[in-house]
Amino acid sequence: MLNKKIENAINKQINAELWSAYLYLSMSAYFESINLGGFANWMRVQAQEEVGHAMRFYNHVIERRGRVTVSAITAPPMHWKSPLNAFEDAFKHEQKVTGMINDIVTMAAAEKDHATVNMLQWFIAEQVEEELSTNTFVQKLKMISTNTGGLYMLDRELSQRKTK
Ligand SMILES: [Fe+2]
Ligand SMILES: [Fe+2]
């Protein structure tokens, strides 16, 4: 069984992962609006991945005989100054999510809920990947700066990302 404290924290995280999906969907729509279809594709795939994260937490609550509670998802930002600005926000957001995951690990360890600590190991590894990928694009976009040829090439690279 899940204790109430852990159950509440995971329910909050389900909401946060779905908010992440909403953020990346909004970024995808932004990239569509500036005709960067490859960037839009990458963000669309990322949004789907975030729904997958929410479902991992959902399944954990169900498997532990807890109670999933869903709550309102607030609207994410809709406009960014540039592709770089959007990826800077994505990187910042992933750092914040890493902090949230770490806090639940700390709480679950204090409550001696080793099953939850174990489930969260997957997320600890995933957050390393999320921070690395968003930061890599921040660095690439800084390198490209105002070079439209570089932006065109990166857009082609990002068009290759597929749903796992
Ligand atoms: Fe996530
Ligand atoms: Fe990922």
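Described below are features of the structure shown in this document. (Residues numbered from 1 in each chain as written. Chains lettered and ligands numbered in written order. Predicted model: local features only at pLDDT ≥ 70, side-chain atom pairs only at ≥ 80, totals over all residues. Heavy atoms only, no water.)

Along the backbone of the protein chain there are five helices and zero strands. Projected onto its principal axes, the C-alpha coordinates of the protein chain cover approximately 55 × 25 × 25 Å. For the protein chain, buried positions account for 46% of its 164 residues. Look at the contacts in the protein chain between residues 6 or more apart in sequence, and 82% of them connect residues 24 or more apart. (Helix = DSSP H or I, 4+ residues; strand = E, 2+ residues; numbered from the N terminus. Buried < 20%, exposed > 50% of the residue type's maximum accessible area, 1.4 Å probe, protein only. Contact = heavy atoms within 4.5 Å.)

Between the first and last C-alpha of helix α3 (residues 83-110) there are 41 Å, a value that for 28 residues agrees with the 40 Å anticipated at 1.5 Å per step. Looking at the residues trailing α3, positive phi occurs at K112, about 55 degrees. (Expected span 1.5 Å × (residues − 1).)

Turning to a nonpolar patch on the surface, a few remarks are in order. On the surface, V51, M55, Y58 and I62 cluster together into a nonpolar patch covering about 320 Å² of accessible area. Within the secondary structure, Y58 is located in helix α2 (residues 37-63). Looking at Y58, the relative accessible area reads 32%, which means it is partly exposed. (Patch = residues over 30% accessible without salt bridge, like charges linked within 9 Å, V, L, I, M, F, W, Y side chains within 5 Å. Areas by Shrake-Rupley, 256 points an atom, 1.4 Å probe, with all protein chains shown as cover. Salt bridge = Lys/Arg side-chain N within 4 Å of Asp/Glu carboxyl O.)

Turning next to the coordination of the iron ion (ligand 2). Each protein donor to the iron ion (ligand 2) is listed here as E49 (OE), E126 (OE), E129 (OE) and E130 (OE); together their distances run 1.9 to 2.6 Å. Coordination at the iron ion (ligand 2) is irregular: its four donor atoms span angles of 84 to 148 degrees at the metal. Sequence spacing of the donors to the iron ion (ligand 2): E-x76-E-x2-E-E. Remark: E129 and E126 occur in helix α4 (residues 114-144); sequence separation between them is three residues, near one turn of the helix. The class for E129 is partly exposed, based on a relative accessible area of 32%. (Donors = N, O, S within 2.8 Å, 3.2 Å for Na, K, Ca; no water. Tetrahedral: all angles 85-135°; square planar, octahedral: opposite > 155°, others 65-115°.)

This next bit is on unusual backbone geometry. If you check the backbone angles, N35 has positive phi at about 60 degrees while not being a glycine. Here N35 lies in the loop between α1 (4-33) and α2. Take N35: its relative accessible area is 68%, and that puts it in the exposed class. One non-glycine residue with positive phi stands out, namely K112, at about 55 degrees. By secondary structure assignment, the location of K112 is in the loop between α3 and α4.

Purely spatial values, then, with no claim about function.
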